[in-house]
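# Topology and contacts: notes
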There are 2 protein chains.
Amino acid sequence: MISFDTFKPTEGTPIYQQILLYIKRGAVAGTIRDGDELPSRRVLSALLGINPNTVQKAFHLLEEEELIVSQAGAKSVMKITEEKIQKLREDLLREDIRSITGALRQMGISREEAFKLIDQFWEEEETEALRSIFL
Amino acid sequence: MISFDTFKPTEGTPIYQQILLYIKRGAVAGTIRDGDELPSRRVLSALLGINPNTVQKAFHLLEEEELIVSQAGAKSVMKITEEKIQKLREDLLREDIRSITGALRQMGISREEAFKLIDQFWEEEETEALRSIFL
DNA sequence: CCAACTGTATTAGTTCTATAATACAGTCAA
DNA sequence: TTGACTGTATTATAGAACTAATACAGTTGG
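A brief structural summary. (Residues numbered from 1 in each chain as written. Chains lettered and ligands numbered in written order. Predicted model: local features only at pLDDT ≥ 70, side-chain atom pairs only at ≥ 80, totals over all residues. Heavy atoms only, no water.)

### Some points on the protein's contact with DNA strand C
As a reminder of what qualifies: Any residue with at least one heavy atom within 4 Å of a molecule or strand is counted as near it. Contacts described as polar in this section are N or O atom pairs within 3.5 Å, which, within protein, must combine one atom able to donate a hydrogen with one able to accept it, while residues neighboring in sequence count only if both atoms come from side chains. Each helix is a run of DSSP H or I of at least 4 residues and each strand a run of E of at least 2, with the numbering of both proceeding from the N terminus.
Lining the immediate environment of DNA strand C, one finds 25 residues, of which I15, Y16 and T54 of chain A together with R41 and R42 of chain B sit closest. In DNA strand C, atoms within 4 Å of the protein come from the sugar-phosphate backbone in 65% of cases. Within the contact set of DNA strand C, a phosphate oxygen lies 2.9 Å away from a side-chain nitrogen or oxygen of K57 of chain A. At 2.5 Å, a side-chain N or O of R41 of chain B approaches a phosphate oxygen of DNA strand C. If you list the elements that add at least two residues to the surface near DNA strand C, you get helix 1 (15-29) and helix 3 (52-64) of chain A together with helix 2 (41-48), strand 1 (68-71) and strand 2 (74-78) of chain B.

Right under this line is the structure:
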């Protein structure tokens, strides 16, 4: 069963899109694999404290993109080939990197400065992650 | 008069927020300076092909953040001190860098791989920018 | 001065996001 | 088998984002 323990909703972005991204990124990372069961719409919505219809919207889109298969009565299941994962990886990375480089260049930040900043935040989040594990 | 020549609306994000960001980032980059006149609501909305009320919403928020001053009958004017610019710089950078490092780590991308990707896109956009100038 | 431009305000309608309350039919384990 | 769980569908409501049309008051240049 796919876990949503590390799912942190952000304000400003539609929740159903965040669920979509969370699963796609998990697939790219390899923490979510082909054949994995997803939590039911009702259970997940209760866990996240949101409406079942919002989860349904996200899952419906995953179904349309043929990343999961659903069948009335049974839990939805991940259905991802290595090929799909590669495509996901490229698409998600391109979008993410494009947005950040665009933003930084627009602010007149040099590449060197950008690297320094990313380095800094990377370590910060690393220590944050560790802290949450050991507390 | 502040130019919106390099403004490229993206789908998925509210337009008024994109206008807000465009101006803030311009202030951080130094291309938009204290005392600069903004185009009128009507003119800018016509240029961007959007509704005047959408521009008004963005400008109203800039007014609330005390980055511009407006007065009925006259054009709005940038009103930014060096202190405000520094604060903007920190806020925008933190938000941008945080989102990208979060996304990359969630996909299991290493720091080295991230740098390589950013390097690649940085050059791509550079050549794109040059192409648009020389064509 | 005054016409053309400015910022500001109001009302109305559409689409999208999210919630809420049901209802129905298929699956599955006890 | 059967009861509890599944996915799916429908209808209603509310707020945000965006468009549209209009109105009014202040400024500014010719």
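### Here we look at the nonpolar core
Operational definition: Among buried residues, the Ala, Val, Leu, Ile, Met, Phe, Trp, Tyr and Cys ones that are joined through side-chain atoms within 4.5 Å form a nonpolar core. Only protein chains enter the calculation, and the probe is 1.4 Å; a residue is then buried if its accessible area is under 20% of its type maximum, exposed if over 50%, and partly exposed in between. The contact criterion used is simple: two residues touch if any of their non-hydrogen atoms lie within 4.5 Å.
Residues I19, I23 and F59 of chain A together with I19, I23 and F59 of chain B are the most contacted members of the largest nonpolar core, which totals 74 residues. Residue assignment for this core shows that the elements contributing at least two residues are helix 1, helix 3, helix 4 (82-106) and helix 5 (111-134) of chain A together with helix 1 (15-29), helix 3 (52-64), helix 4 (82-106) and helix 5 (111-134) of chain B. If we ignore the near neighbours within four places in the chain, the residues touching I23 of chain B are F4, I32, L38, F59, L62 and M78 of chain B.

### Some words on the interface of chain A and chain B
As a reminder, the rule being used: Using a 1.4 Å probe, buried area is obtained as the accessible area two parts lose upon being combined, added over both of them. By definition here, a salt bridge exists when the distance from a side-chain nitrogen of Lys or Arg to a carboxyl oxygen of Asp or Glu is within 4 Å. Gly is put with the polar residues, along with every residue not named as nonpolar or charged; the nonpolar set is Ala, Val, Leu, Ile, Met, Phe, Trp, Tyr, Cys and Pro, and the charged set is Asp, Glu, Lys and Arg.
Each partner contributes to the interface: chain A provides 36 residues, whereas chain B provides 36 residues. Surface buried jointly by chain A and chain B totals about 3900 Å² across both partners, of which 65% is contributed by carbon and sulfur atoms. It is M107, R111 and W122 of chain A in chain A that bury the most area against chain B; as a group they hold 21% of the surface buried on that side. The tally of links from chain A across to chain B stands at 6 salt bridges. Applying the counting criterion to the chain A and chain B interface returns 6 residue pairs in polar contact (both at pLDDT 80 or more). When grouped by side-chain class, the residues that make up the side of chain A that touches chain B number 17 nonpolar, 5 polar and 14 charged.

Nothing here speaks to function; it is geometry throughout.
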